[in-house]
2 protein chains.
Amino acid sequence: MSITPASPVDAPALRPGQLLARGVCRHLVSHGFACVEEMVPAPGLRVDVMALGPKGELWVVECKSSRADFAADNKWQGYMEWCDRYFWAVDAAFPVELLPDETGLIIADAYDAEIVRFGPESRLAGARRKALTLKFARHAALRLQALRDPRPSFLSSAGDEQLTNGL
Amino acid sequence: MSITPASPVDAPALRPGQLLARGVCRHLVSHGFACVEEMVPAPGLRVDVMALGPKGELWVVECKSSRADFAADNKWQGYMEWCDRYFWAVDAAFPVELLPDETGLIIADAYDAEIVRFGPESRLAGARRKALTLKFARHAALRLQALRDPRPSFLSSAGDEQLTNGL
């Protein structure tokens, strides 16, 4: 009989893209960036990683586990207007020549990552930065509360509804 | 032999003030506020609960589990300049006549809470609100990452250092 308790990492099992996101987030902390995953900057858009720097910089990282995963994404250009810098994160086997030159590139695995190329910076306007920082803050705090204080009723509460609707 | 896995709530055991904070945070979600606990708005200050509303409102709640706990707090007036509204949270047995009239009051237990009195609103200046929202966002995201992806090395990493120093 196994008595190994489930950890937040292991349960449920992470998909390939989520494993890349984990490595990306670990690495970005070393650059001073705090990260959230699967945030909704605007209705209909969900970014894999949104990272917030010490001076308020906002980066978006989309994680692609395969050529097919990349090919199926027809929304990525819509993400660029929601960040100061945009990056792809792929594993070492990914055919990086498929990726557009004008974007950033991170090579990642489940445990760490490395920034290979910074794309051009395109600074957010003040009002959008303010709204996006507020959304990031509320997303992170509500997710944190759901993990710190898990309750059956929480998932149907105001908090989760706010998360689902991108707050 | 017990094989009950520790949950994020039970381990470690929460102190009386932390139990009040849990009830406060549960209640504030129903008002649309996202909460973090034990945030450092400025060096030397650590607030029990910082709550961020849907329009960017920032509230501070200090949780006092006893008369002695309240009497020992000589910093609370310093917290008022770091929020739009300030509240005390106490349990139903607390002698509320000790609390200053010009502050908000929340009656709480470990499971829920109720706002009894709103203190006066004192709106933060724009620059401070911006800095404090950024700090809240980064605090919440770094704490969330530490829970989602617990690693022995994380506690000595840049992330924890940022948290300890109030980011």
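Cut-off values and rules
Going along each chain's sequence as written, the residues are numbered from 1 onward. Chain labels run from A onward and ligand labels from 1 onward, assigned in the order the entries are written. For a predicted model such as this one, the threshold for reporting local features is a pLDDT of at least 70, and the threshold for listing and counting side-chain atom pairs is 80 or more; totals across whole chains, interfaces and linings nevertheless cover every residue. Side-chain metrics in this entry use all non-hydrogen atoms of the structure; hydrogen atoms and water are not considered. When the centres of two rings from Phe, Tyr and Trp lie within 6.5 Å, Trp using its six-membered ring, the rings pair. Their planes under 30 degrees apart give stacked, over 60 give edge-to-face, and anything left gives tilted. A run of H or I in DSSP becomes a helix once it reaches four residues, and a run of E becomes a strand once it reaches two; helices and strands are each numbered from the N terminus. Buried means the residue's accessible area, taken with a 1.4 Å probe over protein chains only, is under 20% of the maximum for its type, while exposed means over 50%, and partly exposed covers the values in between. By definition here, charges over rings are those cases where NZ of Lys or CZ of Arg is within 6 Å of the ring centre and within 35 degrees of the ring normal. Take the buried Ala, Val, Leu, Ile, Met, Phe, Trp, Tyr and Cys residues and link them wherever side-chain atoms come within 4.5 Å; each set so joined is a nonpolar core. Should any heavy atoms of two residues lie within 4.5 Å, those residues are counted as being in contact. When DSSP finds two or more bridges between two strands, those strands count as paired. Fitted lines through C-alpha atoms give the axes, limited to the stretch in contact for helices. The angle between two N-to-C directions lies from 0 to 180 degrees.

An unreviewed UniProt entry lists chain A under the name DNA repair protein MmcB-related protein, from Meinhardsimonia xiamenensis.

Colleague: Is there a simple way to explain the packing of aromatic side chains in this structure?
Modeller: Aromatic rings considered in pairs are described by the distance between their centres and by the relative angle of their planes. In total, this model carries 18 aromatic pairs over all chains according to the counting rule given. Ring centres of Trp76(A) and Trp88(A) lie 5.1 Å apart, and the angle between their planes is 65°; on these two criteria the pair is classed as edge-to-face. You can see Trp76(A) sitting in helix H3 (residues 76-79) and its partner Trp88(A) sitting in strand E4 (residues 85-90), a full 12 residues away along the chain. Taking the relative accessible area as the measure of exposure, Trp88(A) reaches 0% and is therefore buried. With a centroid separation of 5.8 Å and an interplanar angle of 70°, the aromatic rings of Phe87(B) and Phe118(B) are classed as edge-to-face. Remark: Phe118(B) occurs in the loop between strand E6 (113-117) and helix H4 (126-148) and Phe87(B) occurs in strand E4 (residues 85-90); sequence separation between them is 31 residues. Ring pairing ties together the aromatic residues Phe70(A), Trp76(A), Tyr86(A), Trp88(A) and Phe94(A), which thus form one cluster. The ring of Trp82(A) is capped by Arg128(A), whose NZ or CZ atom sits 3.7 Å from the centre of that ring.

Colleague: Honestly, the nonpolar core in this entry has me stumped. Any pointers?
Modeller: Proteins that are soluble and globular tend to have nonpolar side chains buried together. Val36(A), Met50(A), Phe136(A), Val36(B), Met50(B) and Phe136(B) are the most contacted members of the largest nonpolar core, which has 62 residues in total. Contact partners of Phe136(B), with chain neighbours within four places excluded, come to Ala137(A), Ala141(A), Ala34(B), Cys35(B), Val36(B), Met39(B), Met50(B), Ala51(B), Leu52(B) and Leu58(B).

Colleague: Looking at this model, I keep getting lost on the sheet that holds strand E3 (residues 58-64) of chain B. Mind explaining?
Modeller: Pairing within the open sheet is mixed, and its six strands lie in the order E1-E2-E3-E4-E5-E6 (chain B). Edge positions in the open sheet fall to strand E1 (34-39) and E6 of chain B, since each of these has one partner strand only. In this sheet, neighbouring strand axes are inclined to one another by 30° on average, regardless of whether the strands run parallel or antiparallel. Note that E4(B) and strand E5 (residues 104-108) of chain B share four bridges and pair parallel. Across the sheet, residue Ala89(B) finds its bridge partner in E5(B), namely Ile106(B). Helix-sheet contacts for helix H4 (residues 126-148) of chain A involve E1 and strand E2 (47-52) of chain B, and the interaxial angle to E1(B) is about 75°.

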